[in-house]
Every structure is written in structure tokens, then in C-alpha cells.
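A look at the structure
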Amino acid sequence: MTTEVTELIAALRSGSMTLEDVADRFRTRSWPRRTAPSPTSYLELAARAQEDPDPYVPDSFDDVDRAYQLGDISDDEYDVLAEAMAESMRAEDLRRGAGGNPSV
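Below, the structure is looked at part by part. Keep in mind it's a predicted model, so treat the numbers as computed, not measured.

1. Here's the deal with the pattern of salt bridges
- Summed over the entire model, instances satisfying the criterion amount to 11 salt bridges.
- The partner of Asp-24 in a salt bridge is Arg-27, and the shortest N-O contact between them spans 2.7 Å. Of the two residues, Asp-24 and Arg-27 both sit in helix H2 (residues 19–28), 3 residues apart, roughly one turn of that helix.
- The class for Asp-24 is partly exposed, based on a relative accessible area of 37%.
- A salt bridge links Arg-27 to Glu-87; the nearest nitrogen and oxygen atoms lie 2.9 Å apart. With Arg-27 in helix H2 and Glu-87 in helix H5 (residues 75–96), this pair connects stretches of sequence that are 60 residues apart.
- Overall, the relative accessible area of 27% leaves Arg-27 in the partly exposed class.
- Judged by its relative accessible area of 30%, Glu-87 falls in the partly exposed class.

2. A look at the nonpolar core
- Among the nonpolar cores identified, the biggest contains 16 residues, and Phe-26, Trp-31, Phe-61, Val-64, Ile-73 and Leu-81 are the most heavily contacted of them.
- Looking at this core, the elements that each hand over two or more residues are helix H1 (4–14), H2, helix H4 (61–69) and H5.
- With residues up to four places along the chain from it excluded, the contact list for Phe-61 reads Phe-26, Trp-31, Tyr-78, Leu-81, Ala-82 and Met-85.

3. Things to note about H5
- Taking 1.5 Å per residue as the helical rise, H5 with its 22 residues ought to reach 32 Å, and the 32 Å between its terminal C-alpha atoms agrees with that figure.
- For H5, the complete set of buried residues consists of Leu-81, Ala-84, Met-85, Ser-88, Met-89, Glu-92 and Asp-93.
- At its buried positions, H5 is contacted by H2 and H4.

Cut-offs used in this document
Residues numbered from 1 in each chain as written. Predicted model: local features only at pLDDT ≥ 70, side-chain atom pairs only at ≥ 80, totals over all residues. Heavy atoms only, no water. Salt bridge = Lys/Arg side-chain N within 4 Å of Asp/Glu carboxyl O. Helix = DSSP H or I, 4+ residues; strand = E, 2+ residues; numbered from the N terminus. Buried < 20%, exposed > 50% of the residue type's maximum accessible area, 1.4 Å probe, protein only. Core = buried A, V, L, I, M, F, W, Y, C linked by side-chain atoms within 4.5 Å. Contact = heavy atoms within 4.5 Å. Expected span 1.5 Å × (residues − 1).

This is the structure in C-alpha cells:
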């Protein structure tokens, strides 16, 4: 499945975009959020550890994780893209006035 994120990673690999170009795009796009509430106790954390992992979300950071696992991007590239995605999500939270709460 081709998504904007997979296309950006392909452009990075082919050299048609630089890492900074891709990171800039990551900073300006909206990222899907997980809907499950965060655990509030060790018991809830232990229970979540026994559950199946969250399903794949197309056009999300899951695509970056997959590229990293396949060796398509390096450790350094992954770190830069992860930070760019986090910056985007923090900026979106500030715009929403959510203070970091994605369920708002």
C-alpha cells in the first residue's frame, strides 16, 4: 500500500528528497493518533502488555517503523523523522489547546 509516508521514504531512499526535506514535511503534516487511553497504574500497564499490539495504521509513523525494520532507513534517519513527527504532534496539541491529551 502506498501512502504519503511511504512515498516520502521512497524519495529519501532514491535521493530525490533530502532527510531535511522529508523531516520538514513530517513537521507540517497531521499524524493519526491512537485512541486507547494510556494506562494509569501498573496493573493496567501489565494488562496492556498481554494484549495484542495495536493494528497497523496506514499513513502513520507505522510506515516509518516498518522502513526502519526493513533496513530502508538508518538509525540516524529514524531519529530525525521521529523527532519531526513528535514536533508536529506537539504543535497540533498546542493549536488544539489539548495540552498533550490526544483524546480532546
